Amino acid sequence: MALPVLWIVIPCYNEEKVLPITAPRFLAKLSEFIETQKIAANSRVLFVDDGSKDQTWSLIQKFAQTDPHYLGIQQSRNRGHQNAVLAGLMVAKDRADVTISIDADGQDDLNAMTDMLAAYADGCEIVYGVRSDRKSDSWFKRVSAQAFYRFLRVMGVDVVYNHADYRLASSKVLQHLADFKEVNLFLRGMFPLVGFKSTSVYYERHERLAGKSHYPLSKMIALAINGVTSLSIKPIVFIAELGAVVSILGFIGTIWAVIMAIKGATVAGWASIVCIVSFLGGIQLLSLGVIGEYVGKTYLETKHRPRFIISDQTWHDEPSKQPKADKDVEKQRKP
C-alpha cells in the first residue's frame, strides 16, 4: 500500500527573523515522518511568501536550493494571511494526498502532526488543531480571543473553539474547497461547511520564537467582522428584529403622546426629545453601516477577482507528484 504524500503549507509575511529557526524544525518533522514510514519520501514543506517586504523570499529560495523537500511560492503582492493559506492549499491539492497548514512563527506544537496523521489514517478528512489552554497569552490577549470565538458563535458562524489555521485537510476536502469561490475568505469557518468526517487534536501553544505578531487587536476585530459578514446573515436578521422592537415602542409612545395631548398634560421635554432622536439616529446609522458592509462584500464578490496571484516559485518542473483523482487517493488510505 502506497504511503500518502504530505505537504506542509506555511504562510509567511515578513518572517526573516523566525524562518531560520523554524524551517529546520519543519524539515526535521517531515524527515521523521518519512523515516518512520508514515508518509511518502516525496512529501514537501511549502512556504507561501505573502508579498513580504523583508528577506523572507530570499530565505525561502535558499532553503529550496539546500534541500529538495523545501518548496516555495511567492504572491505578487500582500493579500493577507487567509489568501496566502488558500494559495498554498490550492497549489498542493493536486500534488499531495494530505496537507497540514501551520504558521511560520513556531507557536504551534509540531508533535500534534503525529496525532493528525493518525486521525487521517483512521478515516478523518479534516483534523483541527485546537489549543488546550491559553497560558502563554497575556490577560488581554486571552480575554479578547475568547470574546472573538464567542462573538462568532453568537453571530451564527460555525467555528471550532480555539482553532485558528493549524489543520490537516485531505486532497478530497481541498478539491471541494476549490468550489467555494468567495473572495472574502474566512477559512476556519469555511472548512466546517465543506463537511466530511472530522476530529480535533489538542495541543499547547508556545510563545513566538522570534519576530513580531502580525495579528494585533485591530486585525482580530477585522477578522471577526469579515468572518461574520462572509458566512452569516444573522446581523441583518438582528437589525430587522431590532427595528421591529423599536417600531412597537414607537407606536406605543405615539399612542401615549396622543393621550397626554388630549388630557392637556403635555410638558415641554427638550431632553427627552434629544435622547430619543439621538438613540434612533444611532441605531439607523449603525444599521446602515452593517447593511453597507454586506453590500460592499456583494460588490467585491461580483467582480470575481482572483484571490491570489503567484508571481514566482522555487521549482521549474512539476514537483514529484502528478495530479491524482480522489478515488486514487482513497486507495492509499487504510480501510
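Residues numbered from 1 in each chain as written. Predicted model: local features only at pLDDT ≥ 70, side-chain atom pairs only at ≥ 80, totals over all residues. Heavy atoms only, no water.

Thoughts on the pairing of strand 6 (residues 163-170)
What counts, and what does not: The buried label applies to any residue whose accessible area, calculated with a 1.4 Å probe on protein chains only, is under 20% of its type's maximum; exposed applies above 50%, and partly exposed to all values in between. Runs of E in the DSSP output that reach at least two residues are strands. Runs of H or I that reach at least four are helices, and both are numbered from the N terminus. In this scheme, strands are said to pair when DSSP sees at least two bridges between them.
Counting buried positions along strand 6 yields 7 of 8 residues, so the element is predominantly enclosed. Here strand 4 (residues 98-101) runs beside strand 6; their pairing, made up of 4 bridges, is antiparallel. In the strand pairing of strand 6, Thr99 is matched with Ala169. Bridging between strand 5 (residues 126-131) and strand 6 involves 4 bridges; their strand directions are antiparallel. When the bridges of strand 6 are listed, Val127 appears paired with Leu168.

Concerning the pattern of salt bridges
Convention followed: Throughout this description, the term salt bridge denotes a Lys or Arg side-chain nitrogen within 4 Å of a carboxyl oxygen of Asp or Glu.
Within the structure shown, the criterion is met by 4 salt bridges. The shortest N-O distance in the salt bridge between Arg167 and Asp165 comes to 2.8 Å. Among the residues examined, Asp165 registers a relative accessible area of 5% and is labelled buried. Of the charged contacts in the structure, one is a salt bridge between Asp165 and Arg188, with a shortest N-O distance of 3.4 Å. Here Asp165 is found in strand 6, whereas its partner Arg188 is found in helix 7 (residues 187-194), with 23 residues between them in sequence. Sharing partners across several salt bridges, the network here consists of Asp165, Arg167 and Arg188.

Concerning the packing of helix 1 (residues 19-35) against helix 2 (residues 56-66)
The condition that has to hold: Every angle, taken between N-to-C directions, lies between 0 and 180 degrees, and every axis is a line fitted to C-alpha atoms, over only the stretch in contact when it is a helix. Take the far helix as the reference: if the near one is turned anticlockwise from it by less than a right angle, the crossing is left-handed, and if turned clockwise, right-handed. Should any heavy atoms of two residues lie within 4.5 Å, those residues are counted as being in contact. Residues are sorted three ways: Asp, Glu, Lys and Arg are charged, Ala, Val, Leu, Ile, Met, Phe, Trp, Tyr, Cys and Pro are nonpolar, and all the rest, Gly among them, are polar.
Axis separation between helix 1 and helix 2 bottoms out at 11 Å; the angle between their running directions is 35°. As helix 1 runs across helix 2, the sense of the crossing is right-handed. Note on element contacts: helix 2 touches helix 1 through Thr56, Leu59, Ile60 and Phe63, opposite Leu19, Pro20 and Ala23. Within the contact of helix 1 with helix 2, the residues separate by chemical class into 6 nonpolar, 1 polar and no charged.

A look at unusual backbone geometry
Positive phi is not limited to glycine here, since Asn14 has a value of about 55°. Note that Asn14 resides in the loop between strand 1 (6-12) and helix 1. The residue Phe196 is not glycine, and still its phi comes out positive at about 70°. Note on placement: Phe196 falls in the loop between helix 7 and strand 7 (198-203).

As for the nonpolar core
Applicable threshold: Residues grouped as a nonpolar core are buried Ala, Val, Leu, Ile, Met, Phe, Trp, Tyr and Cys residues, joined through side-chain atoms within 4.5 Å.
By size, the foremost hydrophobic cluster in this structure holds 36 residues, and its most contacted members are Leu6, Ile10 and Phe47. Put simply, the parts of the chain that give this core at least two residues each are strand 1, helix 1, strand 2 (44-49), helix 2, strand 4, helix 4 (112-121), strand 6 and strand 7. Top contributing element to this core by residue count: helix 1, with 7 residues. Phe47 has contacts with Ile10, Cys12, Leu19, Ala23, Phe26, Ile60, Phe63, Tyr70, Leu71, Gly72 and Ile73, leaving out every residue within four places of it along the chain. Counting residues in hydrophobic clusters, the runner-up holds 32 residues, among them Val5, Leu86, Val91 and Met190.

Considerations on the packing of aromatic side chains
Keep this limit in mind: Under the pairing criterion, centres of Phe, Tyr and Trp rings, with the six-membered ring standing for Trp, must be within 6.5 Å; the plane angle then separates stacked pairs below 30 degrees from edge-to-face pairs above 60, leaving the rest tilted.
Here the structure, examined in full by the defined rule, presents 4 aromatic pairs. With centroids separated by 5.2 Å and ring planes inclined at 80°, the aromatic side chains of Tyr166 and Tyr203 adopt a geometry described as edge-to-face. Within this pair, whereas Tyr166 is found in strand 6, its partner Tyr203 is found in strand 7, the two being separated by 37 residues in sequence. As far as the burial class goes, Tyr166 and Tyr203 line up, both buried. An aromatic cluster is built from Phe47, Phe63 and Tyr70, whose rings are joined through pairwise contacts.

Things to note about the sheet that holds strand 7
Spatially, the 8 strands line up as an open sheet ordered 7-5-6-4-1-2-3-8, and their pairing is mixed. Edge positions in the sheet fall to strand 7 and strand 8 (310-313), since each of these pairs with one other strand and no more. If you compare each strand with its neighbour and ignore which way they point, the axes differ by 25° on average. In this sheet, strand 8 lies alongside strand 3 (residues 70-75) in antiparallel orientation, the contact comprising 3 bridges. Paired with Ile73 across the bridge in strand 8 is Gln313. Packing against the sheet, helix 2 makes contact with strand 1, strand 2, strand 3 and strand 8, and its axis sits at approximately 150° to strand 3.

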